[in-house]
Amino acid sequence: MQKNQRMKCFVVATLCLMLLFSITACGKGPVYLVEEQSCFLDFTVDGETVEFRCHLCIQNELSNPQKVSLTGHFSEDMEAGLIQEESLLASDPEVPESTTFLLQPGLNTLDVVFTGTFGGNHQKQDRLLPEISIEIH
C-alpha cells in the first residue's frame, strides 16, 4: 500500500512539473512587448503633472489587427514620491485623449506617454522601462 502511495505522489509531482514547464514555455501571449527593442525616453514635470515618454515595440502574432490599451506600472516612482499613482494608462502623444492603439499583425512601434499626478519629488528612480501590461479589447 505504501508503495502505491509513493507511486501516486511521484505521478502527481511529475504532472505538476510538466504543467509548470508548459506554462512557462508558452511565456508570451499572442500580443507582447519586445523589451529588447523598447525603451524609456524621458520624463517631465509640469505643475501637478508628470509625463513619462516611452518607445515601445509590440509584436502582434495574430492574423488580425488588435485594439489594445497599455498600462505602465511605476511602483518605485510612486514609492519615491515622483507620482501619486502606481499604474498609468498610456496615451498617444499627438492625441492625449486616445488611450487605445490599433496594432497590425507583426511588429508595431509606438511612442506613448504615461501621465500621472506629481507627488512632490522631482527625481526618477531609474531610466528603466516600466513593467507594461497589454490588454486586448
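As the structure is a computational prediction, the values presented were derived from the model and not from experiment.

A. Region of the structure containing the environment of H73. Examined against the element boundaries, H73 turns out to sit in strand 4 (residues 66-73). Separated by 56 residues in the primary sequence, H73 and L129 have C-alpha atoms spaced 9.5 Å apart. Setting aside residues no more than four positions away along its own chain, H73 makes contact with E86, S87, P130, E131 and S133. Side chain to side chain, H73 and S133 meet in a polar contact 2.6 Å long.

B. Structural detail: the packing of aromatic side chains. This structure, assessed with the given rule, holds four aromatic pairs. With a centroid separation of 6.4 Å and 55 degrees between ring planes, the pair formed by F40 and F52 is classed as tilted. Here F40 is found in strand 2 (residues 39-46), whereas its partner F52 is found in strand 3 (residues 49-60), with 12 residues between them in sequence. Note on F52: relative accessible area 0%, which makes it buried. A centroid spacing of 4.4 Å and a plane angle of 25 degrees characterise the contact between F52 and F74, whose relative ring orientation is stacked. Taken together, the positions of F52 in strand 3 and F74 in the loop between strand 4 and helix 2 (75-79) put the pair 22 residues apart, joining distant regions of the chain. F74 gets classed as buried once you look at its relative accessible area, which sits at 2%. Connected via pairs of aromatic rings, a cluster forms that spans F40, F43, F52, F74 and F114.

Basis of the calculations
- Residues numbered from 1 in each chain as written.
- Predicted model: local features only at pLDDT ≥ 70, side-chain atom pairs only at ≥ 80, totals over all residues.
- Heavy atoms only, no water.
- Helix = DSSP H or I, 4+ residues; strand = E, 2+ residues; numbered from the N terminus.
- Contact = heavy atoms within 4.5 Å.
- Polar contact = N/O pair within 3.5 Å; in protein donor to acceptor, adjacent residues only side chain to side chain.
- Phe/Tyr/Trp six-rings, centres within 6.5 Å; stacked < 30°, edge-to-face > 60°.
- Buried < 20%, exposed > 50% of the residue type's maximum accessible area, 1.4 Å probe, protein only.

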